[in-house]
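What follows is each chain in one-letter form.
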Amino acid sequence: MDLHGQLKEIKTQLRLSMNGAVSQSMREKGLVYKLNFGVELPRIKLIAEGYEKDHTLAQALWKEEIRECKILAGLLQPVDSFLPEIADIWVESIRNIEMAELTSMNLFRHLPYAPAKSFQWIADEREYVQVCGYLTIARLLMEKGDMNERTANEFLDQAICAFLSGSYHVRNAVMAAIRRFIQHSEENAFSVCRRVEEMESSVVETEQLLYNAVKEEIAG
C-alpha cells in the first residue's frame, strides 16, 4: 500500500474509534488540537501495531493537524532516521502537555543523541521545548542511570532556575526529572537538599514549592 493509502486507512480506523465525550473533556482541560477524535491511547497503540515503523509514514502523520496522527507518528518513527534537526522541528511544533509527554515517552527517550539534545532543549526559553527536555531527562535517568558530576551540576543549575521562573507545566516536568535524580542515590539526594535548604523559610512562593516538593520526595 502506498503512503496515501496508508494515511487514508489510518484515518478511517481513527474515525471508527472516535469518542466525542473524551474529545470534549480534553478540550475542557485545555488540551487543544485542530482536530481531535478522542481516541483513547490503548486503541491508538493497537492501530500502530498494524504498521511497520516507517520514516515517511511517521513524517506524514506528524504533519497532519490531528491529535491521533501525531501520537501515531511518535510510535511509528524509526530512531535511526530521526535526525537531530528533525527532532528540533517536531519539538518546536508541540503545543500542549499531552503531546510533550507522549512524544518524549514514545520517541525522544530512545534517541541515541537524547542526552545532549535534552540539555539543549532545557536551555531553550520556549515552554514546551523545555518541558520535552526535562521529561526526556526524567526518562533517561529512570532507564539509563546517573550523570557524571559536571553534568549533574549543570542539570541542577538549569532545573532549579527553570522551576523558580517557569510555567506550571515546566515546573512539573522539572520536578519529574529531579525526582528521578534523587531516587538514583543518597549522594544525589544530598546534593539536591544542599541546593534548596535555604528556601525553607523563603517568602517566595515558588521557592517554598520547590523546597516542599524535594522534602516530600526525600521523606517518601
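None of the values given here were measured: they were computed from a predicted structure. (Residues numbered from 1 in each chain as written. Predicted model: local features only at pLDDT ≥ 70, side-chain atom pairs only at ≥ 80, totals over all residues. Heavy atoms only, no water.)

Draft legend 1. Main features of the nonpolar core. Ranked by size, the top nonpolar core spans 76 residues in total, and within it Leu-61, Phe-82, Phe-108, Tyr-134, Phe-155, Ile-178 and Leu-210 carry the most contacts. With 10 residues, helix 9 (residues 127-144) is the single largest residue contributor to this core. Residues in contact with Ile-178, not counting those within four places in the same chain, are Phe-155, Ala-159, Val-192 and Leu-210. (Core = buried A, V, L, I, M, F, W, Y, C linked by side-chain atoms within 4.5 Å. Buried < 20%, exposed > 50% of the residue type's maximum accessible area, 1.4 Å probe, protein only. Helix = DSSP H or I, 4+ residues; strand = E, 2+ residues; numbered from the N terminus. Contact = heavy atoms within 4.5 Å.)

Draft legend 2. The arrangement of the side chain of Ser-202 in detail. Along the chain, Ser-202 turns up in the loop between helix 12 (186-196) and helix 13 (205-219). Only 3.0 Å separates the side chain of Ser-202 from the backbone nitrogen of Val-204, close enough to count as a polar contact. Those residues in contact with Ser-202, other than ones at most four positions away along the chain, are Glu-207 and Gln-208. (Polar contact = N/O pair within 3.5 Å; in protein donor to acceptor, adjacent residues only side chain to side chain.)

Draft legend 3. Spotlight on the packing of aromatic side chains. Counting across every chain of the model gives five aromatic pairs. Relative to Trp-90, the ring of Phe-82 lies with its centre 4.9 Å away and its plane at 80°, an arrangement referred to as edge-to-face. Against the face of Trp-62 rests Lys-70, its NZ or CZ located 4.4 Å from the ring centre. (Phe/Tyr/Trp six-rings, centres within 6.5 Å; stacked < 30°, edge-to-face > 60°. Lys NZ or Arg CZ within 6 Å of the ring centre and 35° of its normal.)

Draft legend 4. Representation of helix 11 (residues 168-184). Taking 1.5 Å of rise per residue, 17 residues should cover 24 Å, and helix 11 covers 25 Å from first to last C-alpha, within 8% of that figure. In this fold, the buried residues of helix 11 make contact with helix 9, helix 10 (149-165), helix 12 and helix 13. (Expected span 1.5 Å × (residues − 1).)

Draft legend 5. Representation of the pattern of salt bridges within the structure. Per the stated rule, a full pass over the model turns up nine salt bridges. Taking the shortest distance from any N to any O, the salt bridge between Asp-88 and Lys-117 comes out at 2.9 Å. With Asp-88 in helix 6 (residues 84-92) and Lys-117 in helix 8 (residues 114-122), this residue pair connects regions lying 29 residues apart in the sequence. For Arg-195, the salt bridge goes to Asp-157, with nearest N and O atoms at 2.5 Å. Taken together, the residues Arg-195 in helix 12 and Asp-157 in helix 10 connect sequence positions 38 residues apart. (Salt bridge = Lys/Arg side-chain N within 4 Å of Asp/Glu carboxyl O.)

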